[in-house]
Amino acid sequence: MNLSPAAAPYPAFLTEFFPAPATTLAESMLLPGREPDELAWQSRWFAGDFGREFLTTSGERLTIIDFGWWNHGAGPDFRDCAITIAGETRRGSIELDRDARDWDLHGHSSNPAYRDTVVHLQLGQHTSGEWFTRTDDHRLVPQVRLDLAAAMGSFSDSPPAPARPGRCLHIFRQIGMEKTLGILEAAARYRIERKAARLQRTATIHGRDQMLFQAVADALGYSRNRLPLTVLSQRLPLRTLTARPADAEALLFGVSGFLTNDSFNHADEETRTWLRSLWDQWWRYRDTYAPGLPRLPLKWNLTGTRPLNHPQRRIATLHLLVRHWPTFRRLLQPENFQEKALHTFAGGLHHPYWDRHYTLHALPSAKPMALLGSTRLAEIMANVCYPLLIPEDASFWKAYQKIPAPGDNEKSRRAALRLFAGHPDLTQLTGKLWQQQALLQIYEDFCLADESDCASCPMPGQAAAQ
Ligand code: SF4
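Let me begin by describing the structure that accompanies this report.

Re the nonpolar core
Counting residues in hydrophobic clusters, the biggest one holds 117 residues, and the most contacted among them are Trp 45, Leu 146 and Tyr 386. Both domains that furnish three or more residues to this core are identified here as domain 1 (12–151) and domain 2 (224–372).

Written out as structure tokens, the structure is:
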């Protein structure tokens, strides 16, 4: 398999610790059963994860000027886009397919709806340039084969690795706390830089508010429903929701696929009353937004999800953030940011139904439950607030280092077990949020990329050399 390495090189000061992002992870993601679905790739494209500069399969330079809007109905995937190719600007649609052959197989070549397509994006690694993309009026469409390795990051459904203690375990004990903490800090700083670059890319394409909205939706989806929450925030952009404040909740629950006859029929009377109020708004939008063919439905991961983390509660929280958006966005500005104020704001988010319901079908709880509790807020701080704040003002790094680690991050627990199992100073190495983020970075870059059961992993050698 011919996959090129990820585009962004590691910063020079980290190269001694971190190898270039491995292609093995990307390859593993392409194995049957490990492949992110088409919706995930569309979301990654629209978020700008593939960049905007490309070479077509015939060797021409192509730049995306405008990513347009994501079409969830019939026709090409992205409409009203703008590109430059061979010094000429073209406007039109962009279609993303798994494979070059899908253009013909899906009937796009004879469908006038695809006539204005300006780029045919392909994920496939198995087709070559002899598969031409032609419109129904016989115009050749430039093809771009996407570099999946360059866009590969941490997918929410990335496969779990076995939590076995690794070969580096003894090295970290030998080199001592100071050096081990130095390696962790380098990893955490690198992770912040990567997140900041990604947020900046999305802000450049969609504006700061929409970037914040998508990033917060992604953090609310952690860990099992990041993709559907992100896609929900892309299908229903912030400006659509803030322009219809009375309908925003119905739109979010309707587009998510949770406003169904089944939900209603199996609900108790209190839930039915609340659902009825949503239906009163939703029916006017249903034809435009309802999930179903040709719109790919959102796939919620409910298996193993704790009731408190059910996506229905996350959507309720997203709606409350939309409702209080001007306050929320003001709190995230570097000049206003104070963790205490953010906690106070989160504690003030209430909903008459969701304060006491885990899901649409659960019995109400006796006690009210926070819709944006400290664990979820830590996720937002790690993935949204500090990646935006630290590049603006380096002094925020100190505040970031003080945040305690939330307790429910499975992946960082696996990483801690691999690197530090039985370490006498385990709490000092894993007790803070930044350390948890550092462990995730090492786990993704080394453990998930390793296919030698630690034997060929460069981490032990590099750590020992410190
Ligand atoms: S793969 Fe590398 S970093 Fe991960 S546990 Fe093994 S030696 Fe340590």
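After presenting the structure, the write-up continues.
Side note on the site of the ligand
The environment of the ligand is made up of Gly 166, Arg 167, Cys 168, Arg 418, Phe 446, Cys 447, Asp 450, Cys 454, Cys 457, Met 459 and Pro 460. Going through the elements one at a time, helix 20 (433–447) and helix 21 (459–464) are the ones with two or more residues in the shell around the ligand. Residue composition of the shell around the ligand, grouped by class: seven nonpolar, one polar and three charged.

Focus: unusual backbone geometry
A positive phi is found at Ala 86, a non-glycine position, where the angle reads about 50°. Mapping Ala 86 onto the fold places it in the loop between strand 4 (78–85) and strand 5 (88–97). With phi around 65°, His 138 is a residue other than glycine that occupies positive phi space. Relative to the helices and strands, His 138 resides in the loop between strand 6 (117–122) and strand 7 (143–145).

Considering the packing of aromatic side chains
Applying the stated rule across the entire model yields 23 aromatic pairs. With a centroid separation of 4.9 Å and an interplanar angle of 5°, the aromatic rings of Trp 274 and Tyr 353 are classed as stacked. Taken together, the residues span a long stretch of sequence, with Trp 274 in helix 11 (residues 269–282) and Tyr 353 in the loop between helix 15 (339–347) and helix 16 (374–392) at a distance of 79 residues. This pair shows no difference in class: Trp 274 is buried, exactly as Tyr 353 is.

Observations concerning the side chain of Thr 230
Relative to the helices and strands, Thr 230 is located in helix 7 (residues 226–235). Within polar-contact distance, the side chain of Thr 230 engages the side chain of Asp 218 at 3.3 Å.

Procedures and definitions
- Residues numbered from 1 in each chain as written.
- Predicted model: local features only at pLDDT ≥ 70, side-chain atom pairs only at ≥ 80, totals over all residues.
- Heavy atoms only, no water.
- Core = buried A, V, L, I, M, F, W, Y, C linked by side-chain atoms within 4.5 Å.
- Buried < 20%, exposed > 50% of the residue type's maximum accessible area, 1.4 Å probe, protein only.
- Domains from an automatic or database assignment.
- Near = heavy atom within 4 Å.
- Helix = DSSP H or I, 4+ residues; strand = E, 2+ residues; numbered from the N terminus.
- Nonpolar A, V, L, I, M, F, W, Y, C, P; charged D, E, K, R; others polar.
- Phe/Tyr/Trp six-rings, centres within 6.5 Å; stacked < 30°, edge-to-face > 60°.
- Polar contact = N/O pair within 3.5 Å; in protein donor to acceptor, adjacent residues only side chain to side chain.

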